[in-house]
Every structure is written in C-alpha cells, then in structure tokens.
Amino acid sequence: MHALSKKAIEDALDTEWLGLPVIYLPEIGSTNEYLLALATNKAPAGTLVITDYQTAGKGRLDRRWEAPKGTSLLFSLLLRPGWPVAQAHWLTMLSGLAVVAAIEASTGLSCGLKWPNDVMCRVDGAWRKVGGLLLAAGLEADRIGYAVMGIGLNVNIPAGQMPATRTPATSLYLATGREIDRLLLLVQILTRLERQYITAGQGHSPWPDWQARLISIGREVTVHMGIQTLSGTVEGTGPAGQLLLRDATGKLHEISAGDVE
Ligand code: BT5
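Just so it is clear, the structure is predicted and the values come from calculations on it, not from any experiment.

Novice: Which residues make up the packing of aromatic side chains, and what values go with them?
Specialist: Two numbers describe a pair of aromatic rings. These are the distance of the centres and the angle of the planes. All told, the structure shown has three aromatic pairs when counted by the stated rule. Residues Trp17 and Tyr197 carry aromatic rings whose centres are separated by 5.5 Å and whose planes lie at 65° to one another, so their mutual orientation is edge-to-face. With Trp17 in the loop between helix H1 (6–12) and strand E1 (22–25) and Tyr197 in helix H5 (residues 182–201), the pair connects residues that are 180 residues apart, well separated along the chain. Geometrically, the ring pair formed by Trp83 and Tyr197 is stacked, given 5.2 Å between the ring centres and 25° between the ring planes. Here the residue Trp83 occupies a position in the loop between strand E3 (72–79) and helix H3 (88–107), and Tyr197 occupies one in helix H5, the gap between them amounting to 114 residues. A network of ring pairs unites the aromatic residues Trp17, Trp83, Trp90 and Tyr197 as a single cluster. The positively charged end of Lys69 is found above the aromatic ring belonging to Tyr53, 5.2 Å away from the centroid.

Below, the structure is given as structure tokens:
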C-alpha cells in the first residue's frame with residue numbers, strides 16, 4: 001500500500017495537468033474550503049489539494065463528511081472551465097462518471113450514481129454509499145470562472161469505524177474484503193476525469209452517460225427538499241441534471257436540488 005505524499009502522487013500521476021500542482025496536507029479543516037481560498041488567489045487549473053484527515057469535512061447544505069484518519073480519499077480539484085453557467089452540472093456528472101469507472105476498474109465492484117451527487121456500489125444486492133461529490137463554482141458574468149470539485153471516498157474504513165450516515169454506507173474495503181491502494185485509485189480517477197473534462201470542453205455533454213449510470217431511474221422515491229417532500233416515480237433527468245419525477249396524480253416535477261430516499 002502506498003502512503004499519500006506530494007512526491008508519491010506526482011510520481012504516479014500520468015495526467016497532462018489535472019492534479020498538478022499537488023498540495024498534500026496531513027490534516028486540514030476541509031480540502032474544498034482550503035482550495036476555494038486558493039482559487040480566488042490565482043492558483044492554476046488542475047491544482048489538487050489532498051489530505052489524510054479533515055477536521056471539518058463538508059457535505060452539501062453544511063452537512064459533515066466524516067472519515068477516520070488515513071482510511072479514505074479526500075481531495076479537491078481546481079478547474080477553470082470558462083463554460084456557460086448552464087453547464088456547471090457537467091462537472092458533477094463527469095466527475096461521477098470518472099469515479100465510478102475508476103472504482104469498478106480497481107475493485108471489480110458494480111457501482112453507480114445516486115442523484116444528485118452520491119457514489120454507490122452494490123454489495124450483496126443492495127446499493128450502498130461509498131462516496132460523495134461536492135461542487136462549488138465561482139461565476140464570472142455568465143461563465144464558470146472557477147470550480148472546486150471535492151471528492152470523498154470511503155476506501156479502507158474498517159467495520160466499527162464507519163460514520164453514522166443517513167444513506168446506508170460502506171467502504172471499498174468492506175465491500176471487497178481487501179485493502180485498496182488509495183494512490184493507485186486516485187491516479188485512475190484523475191486520468192479518467194481529465195479525459196472526460198477535455199471531451200466535455202469540446203462540447204460533448206456527459207449527461208447521457210451520467211443518466212445511464214443513475215440507480216434511481218424507474219424507481220419509486222421520496223425526494224426531500226428542505227421541509228418539502230415529493231414522492232413519485234423517477235422518469236429520468238434533464239440535460240442540466242434536474243430530476244424528473246412523476247407524482248401519483250400524473251404531474252411531472254422538475255427538481256434541481258434535494259435528497260432522494
Ligand atoms: C456529499 O454530501 O456526499 C459530498 C461529500 C463530499 C466530501 C468531500 S471530501 C473532500 C472534499 N472536502 C470537503 O470538505 N468535502 C469534499 P451530502 O450528499 O450532503 O452527504 C452528506 C451526508 O453523508 C452526511 O450528512 C452523512 O449522513 C453522510 N456521510 C458523512 N460521511 C460519510 C461517509 N464517509 N460515507 C458515507 N456517507 C457519509
């Protein structure tokens with residue numbers, strides 16, 4: 001198993017620019033918060049901030065991301081797409097696709113995405129959350145000036161140390177019964193993400209591939225949006241990633257943010 005360090009990551013990476021420069025910090029509040037501060041301070045596109053432990057790891061809506069020291073992949077990437085704002089969701093889509101493909105290639109597990117930002121793997125016939133994506137974008141007029149994509153993955157968390165979670169969760173170690181090399185998995189993710197990002201930059205939407213990876217299509221779900229909830233059947237998604245939900249009266253709802261249960 002490789003330990004994470006600036007040199008180990010630089011030596012292992014085979015991307016052109018994504019993941020460089022490497023900023024490795026043994027411990028930090030949140031890699032996303034740290035990189036957001038650098039983003040407004042001229043840090044180059046591609047910058048990777050990665051840590052072994054977050055004291056204030058963030059999920060959406062000020063929720064927490066918990067991970068025991070040295071067990072997980074916890075990192076953020078700085079992108080400067082300059083794409084129209086309407087394409088911001090492409091970043092979450094292509095990152096999710098890269099992560100799922102990399103996990104499958106590294107572990108042999110069967111994985112998917114849960115709308116809007118959860119990384120799931122199938123264990124004993126049930127979907128479990130193994131990771132999450134967190135996008136923060138800085139807009140310049142009608143363009144995405146910069147974006148910080150945060151990725152948290154439960155790699156080698158042992159039983160007994162799994163955080164208490166709303167969505168049933170697991171780690172790749174618990175799902176496969178063997179430890180996974182975090183450095184090699186990171187390299188797999190960044191290689192795929194760079195390729196996906198370049199393709200998207202040429203105008204090819206990741207939406208069809210992303211939708212094909214969603215685990216809730218055709219299923220009965222309840223969506224929580226703050227204090228509001230809506231139940232129905234997931235018909236699909238829109239090109240900007242909105243969830244299309246048909247309720248019992250036949251009405252179609254377009255939902256841009258929420259949590260699916
Ligand atoms: C997410 O939010 O799933 C996005 C998580 C992104 C974390 C990365 S780590 C690197 C970078 N720096 C940061 O500070 N954040 C990013 P959300 O969908 O809101 O899910 C959060 C919820 O997931 C929490 O309320 C818990 O219920 C649950 N949770 C917390 N830790 C978890 C874990 N390790 N595995 C699975 N679920 C977890």
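Once the structure has been displayed, the description carries forward.
Novice: Requested: an account of the pairing of strand E9 (residues 228–237), with residues and values cited.
Specialist: Note that strand E8 (residues 220–225) and E9 share six bridges and pair antiparallel. In the strand pairing of E9, Met225 is matched with Gln228. Count of turn residues in the E8/E9 antiparallel hairpin: two residues, of which Gly226 carries a positive phi of about 60°. When E9 meets strand E10 (residues 243–246), the two strands line up antiparallel, connected through four bridges. Note on E10: the bridge partner recorded for Gly236 is Leu244. Where E9 hands over to E10, the hairpin turn is made up of five residues, of which Gly241 adopts a positive phi near 90°.

Rules of the game
- Residues numbered from 1 in each chain as written.
- Predicted model: local features only at pLDDT ≥ 70, side-chain atom pairs only at ≥ 80, totals over all residues.
- Heavy atoms only, no water.
- Phe/Tyr/Trp six-rings, centres within 6.5 Å; stacked < 30°, edge-to-face > 60°.
- Helix = DSSP H or I, 4+ residues; strand = E, 2+ residues; numbered from the N terminus.
- Lys NZ or Arg CZ within 6 Å of the ring centre and 35° of its normal.
- Pairing = 2+ DSSP bridges.

So far we have only geometry, and geometry alone does not tell us how the molecule works.
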